[in-house]
Amino acid sequence: MPHRVFRKSTPKSDITKLPKLGLDKKHFIADFKHYYSHRLGRDEHCRSPHYAYEALSLAISDRLVERWKNTYNTYKDLDCKRAYYLSMEFLIGRSLSNAMLNLGVDNAVKAALYDLGLEAEELVDSEVDAGLGNGGLGRLAACFIDSCATLQLPVTGYGLRYEYGMFTQQIVNGEQVELPDHWLRMGNIWEIERPEYMARVKFGGRTQSHIDEKGNKRTTWLDTHDVLAMPYDTPVPGYKNGTVNTLRLWKAIATEEFNLQEFNEGDYAEAVAQKNTAENITMVLYPNDANENGKALRLQQQYLLASASLQDVIANWVGRHGNNFTHFAEKNCFQLNDTHPSIAVAELMRLLLDLHGLAWKDAWAITCKTMAYTNHTLLPEALERWSVSLMENLLPRLMEIIFDINAHFMAEVSARWPGDNDRMARMSIIEEGRDKKVRMAYLAIVGSFSVNGVAELHSKLLQEGLFRDFYELWPYKFNNKTNGVTPRRWLAACNPDLAELITATIGDEWITNLSALAKLRPFAEDATFRKKWAELKRANKQRLVNYKKDEHDIEINVDALFDVQVKRIHEYKRQILNVLHVIYLYDCIKRGETKNWVPRCVLIGGKAAPGYAMAKKSIKLINNVANVINNDPAIGDKLRLVFMPNYRVSAMEKICPGADLSEQISTAGKEASGTGNMKFMMNGALTIGTLDGANIEIREEAGEENFFLFGLTESEVEAMHQHYNPQAIINQDSELQNVMRLLECGHFNQFEPGIFDDIIAALKSPHDPWMTIADFRSYIEAQKRVEQAYRDQDRWTKMSILNTAASGKFSTDRTISEYNQEIWKLTPVNVEKNQ
Ligand code: 26Q
């Protein structure tokens, strides 16, 4: 691009060379005042903390931008290998406190705010969450890019800039009501729009083939309805290392000529409506909901992400290397976050074949050497299958390419297992039937050199079950990468007092090398240390009590056992099992069985997909049970059940430091990994859990004596399906009978007859896939062991310290190092801090 803004004689670098911005209190005060007064136009009469938040964020953002440019130029000069994390979700949450921590300016900024007479916490809390994700998968993407920047890896995140993120949850009469989350309403100071990197994405139309001068078949995709993808970049700072990577999010916008064409035909209203269709593509984040499967708009979102991101990478490549793709695969790697962006396999083929003229063999070799796929679920209903007819209409050229990929693949299967037609049908990317489907997971596996699960058990089950045939064919593609969470956000930033105690005890190495937390182990035997640890936990619990009181006017007793389950509401996660235990405790109190009672506060939070009736019913049940228990004077402080509305990233930052007990009670074999479990463990909560997902590895690290295990194993669950008889289990357990009786007699829905019938029926069904009744007794006994441990506060504190000390494995720094060593193979790049 010619730099037309410059006069011929001007050296162009002069307009961007600035003295480095100061990182001390004095500079932050000056910059804060400048932004507050001159840019935002506010004065001392302004009451809203929002503008103070913005002024400070602008000052912080300036410091990030300096480092961001350095990083960009350093990568460019080195021409190093890059990786791209393609994800439909980046659940970032808030950015200000994370940016302050990673820049290493949190103390200077706090001192500046103090001098300005401002409350740091109030500023931080006025930032709205960037809720561009549903739950685990989206938050994992956010933790991953933090670790990539901290490990100095040249990794770019590519995603979508939804106008509306995850809905806001309100509870009305115990039921979930969804409100749109217009998170951009007050502006977003962290992003920079980059029209110069706009991409054009095609939809619809038809294909036309011809034979070129060399005798090769060439295809063009024409008469398309194009949409523009506008990139918005957000800086991703590493921890105190000068690296600032990029998260690039695409927004769909209408093309100009699109409208003109309609205008010329004189149909103004149609033209405007069409513009809306284009811009609707990135309007809203889809909830994680089986009912939303197959929606055309979702496929448009997926293709926009895949196509715009690949075009972006390729444009960069061509800018440097021209049309020579010989070394492309050595220099680029795409990690697919589940199958959601897996149309990228076909799109890369299209770009290489149709736009850059490569032969099929060469294009396919490049694709298979650059794509890597991560699976996040074993639940068959969550596996993406797109109808062939929908794809033919929306993405005709991609559908052709998928058929061609499948033809080549079927030839390979047939060569390996001649005549095995059953296997061919099982493995085909195209599922035959009246409404043919594209199996996106199979497309992802066939087109990738690496396929991974997200915890040991999950990866093993993928190989033995869901992807067994593929594992037989290509065992070397399969691997495990146990998830993690970033210790910057999930310990250093969210629990500053505990972080300080840890640093004072073992130094601050843990922030970038979490296994150093093991050095805390001996301090579990130190009574003075235990006392400090217990005091901090109590202070964090008090903070949580105050937060609940201020935000939701709920009173809780700080000395109760804080028993927490926060995650998406889903039958497999078994919030209902938790409720059954609460009803059991309630029944014990009512019957006067309160000897050595341990006061308990059960906190449950999470969103239900709007179309998932059973999940919504679970929320209603939790609220109704809470109502009865919390308003019964005979219960008092002994037991409390609280539903926390609108659970989100910023809520977890307040919740996890104050938790005593972490509920990880999914049916074994169903939770791919879980990552909330890791946040709780790091912050010194003990886990009650099944042998599922990463719980298994958490227990291995913590030691079985520091983990409350219960429930059937995955293979026991599978075996049990043949002869599961929940009624027989109930008949043999009088306490369970009491619980079921309370539920069935309408004790919790006196004026709403029958509303929980479907929940009760599901529990008692011999076909209940979640086997809640099967695990009830074992769960109750594990909860009794929890109480026994909690009665001995000193023993509990020891276990708490040992859990934090054993949490080192669950840093995304470890996870990302493994991705890099075994999949991406990038060289860390040191970005000079003082350029
Ligand atoms: C699918 C089709 C249509 C619309 C939406 C979706 C959709 C969206 C989001 C399907 C699934 C998701 C998210 C899944 C998810 O969060 N999975 C979790 O990933 C975590 C990170 O690996 C694991 O720890 C959890 O165990 C897993 O449930």
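Check the entry above for the structure.
What comes next is a walk through the structure.

So, how was this worked out
- Residues numbered from 1 in each chain as written.
- Predicted model: local features only at pLDDT ≥ 70, side-chain atom pairs only at ≥ 80, totals over all residues.
- Heavy atoms only, no water.
- Patch = residues over 30% accessible without salt bridge, like charges linked within 9 Å, V, L, I, M, F, W, Y side chains within 5 Å.
- Areas by Shrake-Rupley, 256 points an atom, 1.4 Å probe, with all protein chains shown as cover.
- Salt bridge = Lys/Arg side-chain N within 4 Å of Asp/Glu carboxyl O.
- Helix = DSSP H or I, 4+ residues; strand = E, 2+ residues; numbered from the N terminus.
- Buried < 20%, exposed > 50% of the residue type's maximum accessible area, 1.4 Å probe, protein only.
- Pairing = 2+ DSSP bridges.
- Near = heavy atom within 4 Å.
- Polar contact = N/O pair within 3.5 Å; in protein donor to acceptor, adjacent residues only side chain to side chain.
- Nonpolar A, V, L, I, M, F, W, Y, C, P; charged D, E, K, R; others polar.
- Disulfide = S-S within 2.5 Å.

## Quick word on a nonpolar patch on the surface
In step 1: A surface patch of nonpolar side chains, about 190 Å² in accessible area, is lined by Val172, Val177 and Leu179.
In step 2: Here Leu179 is to be found in strand E6 (residues 175-179).

## Focus: the pairing of strand E2 (residues 90-93)
Remember that side chains alternate between the two faces of the sheet whenever the strand is regular.
In step 1: Here E2 shows no split at all, with Phe90 and Ile92 on one side and Leu91 and Gly93 on the other all buried.
In step 2: Of the pairings in the sheet, the one linking E2 to strand E3 (residues 130-132) comprises three bridges and is antiparallel in character. From the neighbouring strand, Phe90 faces E3, where its bridge partner is Leu132.

## Regarding the site of the ligand
In step 1: Close contacts around the ligand come from 19 residues, with Leu137, His376, Asn483, Glu671 and Gly674 the closest.
In step 2: The side chain of Tyr572 places a nitrogen or oxygen atom 3.2 Å from an oxygen atom of the ligand.
In step 3: Contacts to the ligand include Glu671, whose side-chain N or O atom sits 2.6 Å from an oxygen atom.
In step 4: For the ligand, whose unbound accessible area comes to 610 Å², protein coverage reaches 92%.
In step 5: With three residues, the top contributor of residues to the shell around the ligand is helix H6 (residues 136-150).
In step 6: Grouping the amino acids of the shell around the ligand by side-chain chemistry returns seven nonpolar, nine polar and three charged.

## Description of the state of the cysteines
In step 1: Across all of its chains, the model carries zero disulfides by this definition.
In step 2: Residue Cys148 stays outside any disulfide, its sulfur separated by 11 Å from that of Cys333, the closest cysteine.
In step 3: The buried category is assigned to Cys148, whose relative accessible area is 2%.
In step 4: No disulfide involves Cys601; its sulfur sits 16 Å from that of Cys656, the nearest cysteine.
In step 5: What makes Cys601 buried here is its relative accessible area of 1%.

## Points about the sheet that holds strand E20 (residues 561-566)
The strands making up a sheet are joined through hydrogen bonds of the backbone, oriented either antiparallel or parallel.
In step 1: Across the sheet, which stays open at both edges, the six strands sit in the order E22-E21-E20-E23-E24-E25 with parallel pairing between neighbours. Looking at which strands have only one partner, the edges of the open sheet turn out to be strand E22 (639-644) and strand E25 (708-709).

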